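Architecture and fold: a report
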Amino acid sequence: MENVYYPLLTAHNWVRWLVLLTGIWALVNAFMGVRSRGPMTSRAPFSAFMGSIHLQVLLGLGLFAIMGMNGMAPFPDGPRSSFGWEHLGLGLIAAVFATMANRAAKAPARAAPVYVADGTPAPGPTPTTVSDDITRWRSTLFWTFLTWVPLLLAMPWWRPVLRMLGTE
C-alpha cells in the first residue's frame, strides 16, 4: 500500500493549491458580479472550484482508507488528536457549500410562455432577468464565501507547502 500512499498524498497536497486558486477565482468573480450587477454569463469559476474540491475530497477519502487499512494516524503531528476527523468533516462541508455555490450560479428554469387560444401570450407577470441575476450573484457570493470558512479551518498549515513523492 505504501506504493500508492505517497503518490496519493502528493496529489492531495498539490490539488490543495488548485482548490485555493480556483476558490480565489470564484470569490473574485462573485464579488465583481455583485458589484457590477450585470448578467451572469458563465459559471465556470464556480464549477471549477466545486470540481477541485470534489477531487480533493476523493483523494482525501482514498488517503483515509489507505491509512485506516495500515493502522496509520492521519495527523500524528497535528494540533490535537481529533484533527484528522475535523479535517475530513470540514472538507466534506466545504464540498457541500461549493456545490451550493455552483447550484446558485445555475440559471433558474424558466416556465414556458403560456398562450391563449388565439396565439397571443397570456397576460401575467413577466420575469425580470435583472433581479434574477442580482439574486444569483448574491447567492453565489454567499455560498462561495461560506465555502472558504471550513476550507481554511481544515487546512493543515504546518505541513510542507509542496510535498514531493516520499517526503513527509
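Here, the structure is the one placed above.
Everything numeric here is computed off the predicted structure, so don't read it as measured data. (Residues numbered from 1 in each chain as written. Predicted model: local features only at pLDDT ≥ 70, side-chain atom pairs only at ≥ 80, totals over all residues. Heavy atoms only, no water.)

1. With respect to helix α3 (residues 83-105)
- The end-to-end C-alpha distance of α3 is 32 Å, a good match for the 33 Å that 23 residues give at a rise of 1.5 Å each.
- Inspection of α3 places F83, G84, H87, L88, G91, A94, A95, A98, A101, N102, A104 and A105 among the buried residues, and these make up the whole buried set. (Helix = DSSP H or I, 4+ residues; strand = E, 2+ residues; numbered from the N terminus. Expected span 1.5 Å × (residues − 1). Buried < 20%, exposed > 50% of the residue type's maximum accessible area, 1.4 Å probe, protein only.)

2. Description of the pattern of salt bridges
- Counting across every chain of the model gives two salt bridges.
- As a salt-bridge pair, R80 and E86 come within 2.8 Å of each other at their nearest N and O atoms.
- E86 sits in the partly exposed class, given a relative accessible area of 26%.
- The salt bridge involving R136 is made with D133; its shortest N-O contact spans 3.0 Å. (Salt bridge = Lys/Arg side-chain N within 4 Å of Asp/Glu carboxyl O.)

3. Section: the packing of aromatic side chains
- Counting across every chain of the model gives six aromatic pairs.
- On the numbers, 5.0 Å between centres and 70° between planes, the contact of Y5 with Y6 is edge-to-face.
- When the ring of F97 is compared with that of W143, the centres are 5.5 Å apart and the planes differ by 50°; the resulting orientation is tilted. Placement of the pair is F97 in helix α3 and W143 in helix α4 (residues 129-154), with a sequence separation of 46 residues. (Phe/Tyr/Trp six-rings, centres within 6.5 Å; stacked < 30°, edge-to-face > 60°.)

Without other data, these values stay purely geometric and don't point to any function.
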